Amino acid sequence: MNRLIVVGAIFIVLTASGGILAYLAYVDTIYALERANALFSRAETAGFAEGVVLYMDPGRKFLPTEGNPVWIFPTDKTNFRLINNDLNELLERGRMLQKLPRNSDGYQQGMDDLRGRIKTIQIQVSEAAPFLYASLPHILTSLAWTILLLGFISYLSRRKGESAPLDYSGT
């Protein structure tokens, strides 16, 4: 009975640790990018330049500052250094638009341009998200966890075979 409790506890710990690792990886990558994109969406629909700046500034803090998560054939679309440069430029343009009269043609054209560029950044961040989740540290951690779990299951199956020998006496 004690062996069964220990085996069950080890299995629960391994399973729970795998779930916790997956959750933490999600929170660090996908959820952070989703929060950034949610703020960018709010900025895109803001009525005035003040709203664009209000939502864009905290949104960029959820993004990595540099690096390209795409391993094979990376492009500039998923380069976070370039995305951050674009965000800084958009914030600067949003602050400049705040100085213009809201009913001017230049203000409206500037707002339309900001909204279009914000939409482009949202698409770029969304394209980078799966690659960021499938990063080398996440893959290695998942691999180590899988090896531990499979090793434990293999150990259990060998132990089970040892403890209950087959009876081949004829019946």
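A brief look at the structure comes next. Remember, predicted model here, so these are calculated numbers, not experimental data.

Reading the values: rules and limits
Residue positions are given per chain, counting from 1 as you read along its sequence in written order. Note on the predicted model: pLDDT of at least 70 is required for a residue's local features to be given, and 80 or more for side-chain atom pairs to be given and counted; whole-chain, interface and lining totals, by contrast, use all residues. Values shown for side chains rest on all heavy atoms present in the structure; no hydrogens or waters enter the calculation. Salt bridges are identified by distance alone: a Lys or Arg side-chain nitrogen within 4 Å of an Asp or Glu carboxyl oxygen. Only DSSP runs of H or I with at least four residues qualify as helices, and only runs of E with at least two residues qualify as strands; both kinds are numbered from the N terminus onward. Working definition: with a 1.4 Å probe on protein chains only, accessible area under 20% of the residue-type maximum means buried, over 50% means exposed, and in between means partly exposed. Two rings from Phe, Tyr or Trp (for Trp, the six-membered ring) form a pair when their centres sit within 6.5 Å of each other. Planes less than 30 degrees apart are called stacked, planes more than 60 degrees apart edge-to-face, and all others tilted. When the NZ atom of lysine or the CZ atom of arginine is within 6 Å of a ring's centre and also within 35 degrees of its normal, the charge is said to sit over that ring. Fitted lines through C-alpha atoms give the axes, limited to the stretch in contact for helices. The angle between two N-to-C directions lies from 0 to 180 degrees. Should an angle fall under 35 degrees it is taken as roughly parallel, and over 145 as roughly antiparallel, whereas 65 to 115 is taken as roughly perpendicular and any remaining angle as oblique. Whether a crossing is left-handed or right-handed is set by the direction in which the near helix is turned from the far one by less than a right angle, anticlockwise for left-handed and clockwise for right-handed. Any pair of residues with heavy atoms lying within 4.5 Å of one another is described as a contacting pair. Under the scheme applied, nonpolar residues are Ala, Val, Leu, Ile, Met, Phe, Trp, Tyr, Cys and Pro; charged residues are Asp, Glu, Lys and Arg; polar residues are all the others, including Gly.

**Observations concerning the pattern of salt bridges**
- Counting across every chain of the model gives 6 salt bridges.
- In this structure, Arg-102 and Glu-50 form a salt bridge, with 3.0 Å as the shortest nitrogen-oxygen distance. Within this pair, whereas Arg-102 is found in the loop between helix H3 (80-97) and helix H4 (105-133), its partner Glu-50 is found in helix H2 (residues 49-60), the two being separated by 52 residues in sequence.
- Judged by its relative accessible area of 40%, Arg-102 is partly exposed.
- Here Arg-93 ties to Asp-113 by a salt bridge, and the two come within 2.4 Å at their closest N and O atoms. Separated by 20 residues along the polypeptide, Arg-93 in helix H3 and Asp-113 in helix H4 bring together distant segments of the chain.

**Quick notes on the packing of aromatic side chains**
- According to the stated counting rule, one finds 0 aromatic pairs in the structure shown.
- Lying across the ring of Phe-48, Arg-102 places its NZ or CZ 3.7 Å from the centre.

**Some remarks on the packing of H2 against H3**
- Between H2 and H3, the least distance of the axes is 9 Å, while the angle of their chain directions is 155°. One finds that H2 runs roughly antiparallel with respect to H3. Judged by the twist between their axes, the crossing of H2 over H3 is left-handed. Packed against H2, whose contacting residues are Ala-49, Val-53, Met-56, Asp-57 and Arg-60, the element H3 presents Asn-84, Leu-87, Asn-88, Leu-90, Leu-91, Gly-94, Arg-95 and Leu-97 at the interface.
- Split by residue class, the contact of H2 with H3 holds 7 nonpolar, 3 polar and 3 charged.

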